[in-house]
Amino acid sequence: MQLKSKSGFTLVELLVVIVIIAVLAGLSFTVGPKMLRKADATKSVQNIRQIAPVMMTYASDNSFRLPALRGMVPVDSGTEMEQIWHEVVLAQLFPDANLNSFKREDWWESHEPFLRNPLLTKKSRPRPWTPTNPGYAMNRRIFDNLNRDIQEPIPLSVLSDQSRTPLIAPYDDNEYTYVGGQATSTSLEGLLIDGQIPVLFVDGHVEVMTPRQYEDRELFNFPPPRAQRQ
């Protein structure tokens with residue numbers, strides 16, 4: 001008489017499988033977010049590098065001037081609408097889109113432009129991501145140091161040391177200064193990459209540094225304030 005062999009898992013084998021699944025699940029909950037964070041951090045630096053050539057293209061097409069921080073521009077029906085610096089950049093990349101498109105969240109979701117910092121999310125604090133708050137900011141000190149209105153484009157000719165003049169950096173607003181305590185500001189929480197930030201300078205190069213190093217190097221004094229130039 002031939003005995004039929006029994007198929008299936010033993011209790012020990014089932015327990016081993018359960019333990020393996022539990023370990024893998026635990027690793028996914030711990031390692032997974034770190035890997036996603038690292039990928040977003042890498043993309044954040046790549047994005048800021050891509051801003052440089054678009055800025056220079058705009059400048060070359062506009063009498064070698066950088067865009068204003070923000071200002072009012074005419075739209076249909078004789079009305080005006082605020083245009084922020086990053087919307088000027090977007091207009092270079094998407095010439096067929098109108099200004100109102102850049103202010104809609106669904107447009108950003110469908111086009112995924114590199115002007116959006118992946119480290120700034122809709123749940124970020126104190127300010128979440130919005131179409132007017134993309135996570136990259138323009139240096140307000142350029143305008144303040146030159147005593148120029150933020151609605152006035154900046155001629156490259158007035159920036160004597162472009163390699164030391166910061167232009168764009170991460171922030172949870174569309175303008176920044178990184179001075180007077182901003183090195184420890186909550187506005188940089190979540191945007192730091194191993195405690196550092198990528199900074200795009202006017203000449204097009206990018207340096208990665210801590211906010212404290214930014215202040216210690218007194219980069220907020222470039223371009224030099226008028227009082228220092230006299």
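Whatever comes next refers back to the structure up there.
Residues numbered from 1 in each chain as written. Predicted model: local features only at pLDDT ≥ 70, side-chain atom pairs only at ≥ 80, totals over all residues. Heavy atoms only, no water.

(A) Representation of the nonpolar core in the model. The biggest cluster of nonpolar side chains holds 39 residues, and the ones touching the most others in it are I51, W85, L115, L159, L167 and I168. Among the elements of the structure, helix 1 (11-61), helix 2 (85-93), helix 3 (105-111), strand 4 (136-139), helix 4 (140-145) and strand 6 (166-170) are those that each provide at least two residues to this core. Counting residues per element, this core draws most heavily on helix 1, at 8 residues. Contacts of I168, omitting those with residues within four sequence positions, involve I48, I51, M55, W85, Y136, A137, M138, Y176, P198, V199 and L200. Grouped together as the second largest cluster of nonpolar side chains are 12 residues, A137, Y176, L188 and I197 included. (Core = buried A, V, L, I, M, F, W, Y, C linked by side-chain atoms within 4.5 Å. Buried < 20%, exposed > 50% of the residue type's maximum accessible area, 1.4 Å probe, protein only. Helix = DSSP H or I, 4+ residues; strand = E, 2+ residues; numbered from the N terminus. Contact = heavy atoms within 4.5 Å.)

(B) Fine view of the environment of F201. Positionally, F201 belongs in strand 8 (residues 197-201). For F201, a relative accessible area of 1% translates into the label buried. C-alpha separation for the pair F201 and T165, spaced 36 residues apart in sequence, amounts to 5.6 Å. Sequence-distant contacts of F201, that is, excluding residues within four places in its chain, are made with Q162, S163, R164, T165, P166, L167, E207, M209 and L219.

(C) Highlighting the pattern of salt bridges. Applying the stated criterion to the full structure yields 13 salt bridges. In this structure, E109 engages K122 in a salt bridge whose closest nitrogen and oxygen atoms are separated by 3.6 Å. Highlighted residues: E109 in helix 3 and K122 in the loop between helix 3 and strand 4, separated in sequence by 13 residues. Of the charged contacts, one joins R127 and D172 as a salt bridge, the two residues approaching to 3.1 Å between their closest N and O atoms. On the criterion of sequence distance, the pair formed by R127 in the loop between helix 3 and strand 4 and D172 in the loop between strand 6 and strand 7 (175-176) is long-range, its members being 45 residues apart. (Salt bridge = Lys/Arg side-chain N within 4 Å of Asp/Glu carboxyl O.)

(D) Fine view of the sheet that holds strand 9 (residues 206-209). Read across the open sheet, the 5 strands follow the order 7-4-6-8-9; overall the sheet is mixed. If you trace the sheet from one side to the other, it starts and ends with strand 7 and strand 9, each paired once. Alignment of strand 4 against strand 6, held across 3 bridges, turns out to be antiparallel. Note on strand 6: the bridge partner recorded for Y136 is P170. (Pairing = 2+ DSSP bridges.)

Read these as layout, nothing more, since geometry by itself doesn't imply function.
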